[in-house]
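Summary of the model geometry
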Amino acid sequence: MITYNVLVYSEAPLVFFFTFFLYSFSRYAETGGKKFLLLSGISAGFVALSKFTGLLVFPLLIILFLSAMDWRKNLKAFAALFVIALLVSSSSVVRQILSYGGVCQPRIPSDNKCYLGEAPSDIELGMESFSGYLEQSGTNVSLIDIGIMNYIQFGYTSMIFLLFVAGIIFGALSKNNRLRAMSFAGTFLYGLLTYGTINARTEDAVRYVLIGVVPLLILGGIYFADLLKTIAEPKH
């Protein structure tokens, strides 16, 4: 439990900022308001800062812009959005260059990667530093080893997975361009990350694909909200 409490520090900001990015971009696509364009760029930058999988927000920006808007008329706005996101996300790189003389990627447990600079030696921890490290078992094995149903139950539970599937279907069939774009982007990200982590530990894989799950859960929530509204409306 101590391990997963620590992981919340990266997962929670990723989910928060990515959800806020999707909201602000959707509002910009709907209203064309410059404040939503600015908020989209800032939140996208913070998504990239939250976790390394957040860097996928940049290709996602391109997908959303091309599919949700008339991109030919909004090239300047897209360029501004991309530059804002890039400037915000580059703050970490600037800090590392000032601190280490280069861009470093410290990994625990593993050796550090440092480009042009040198990371402090006291943050280098090998596997032997972690006493009682578990052998590969349970959720410590890959999706293929644990099985799809166990993977779903561990990572999402049945209800969340139902919401996830509903989001894919609802978004794909929606007549709203923004919802279709969100569905396509979420499905693309989830498929790409699942393929990339298919041999990773299950407990790691379900976290890595989180950025692809968020937009599909939002769509699933919209679908069930519309369904409940339809049921609650009095029949004439």
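I will try to describe carefully the structure that is included in this document. (Residues numbered from 1 in each chain as written. Predicted model: local features only at pLDDT ≥ 70, side-chain atom pairs only at ≥ 80, totals over all residues. Heavy atoms only, no water.)

Right, let's get into the overall build of the protein. Scanning the protein for helices and strands turns up 11 helices and 2 strands. Along the protein, helices and strands appear, N-terminal first, in the series α-α-α-α-α-β-β-α-α-α-α-α-α. Counting across all 236 residues of the protein, residues that qualify as buried make up 36%. Of the roughly 14,100 Å² of accessible surface on the protein, 67% is carried by carbon and sulfur atoms. (Helix = DSSP H or I, 4+ residues; strand = E, 2+ residues; numbered from the N terminus. Buried < 20%, exposed > 50% of the residue type's maximum accessible area, 1.4 Å probe, protein only. Areas by Shrake-Rupley, 256 points an atom, 1.4 Å probe, with all protein chains shown as cover.)

Helix length check: helix α4 (residues 75-89), at 15 residues, gives a terminal C-alpha distance of 21 Å against a target of 21 Å (1.5 Å per residue), a fit within 8%. For α4, the set of buried residues is A77, F78, L81, A85, V88 and S89. Taken end-on, α4 shows its buried residues confined to a sector of 100°, consistent with a single buried face. In α4, the exposed residues that point more than 90 degrees away from the buried face are K76 and L87. (Expected span 1.5 Å × (residues − 1). Arc of directions from axis to C-beta.)

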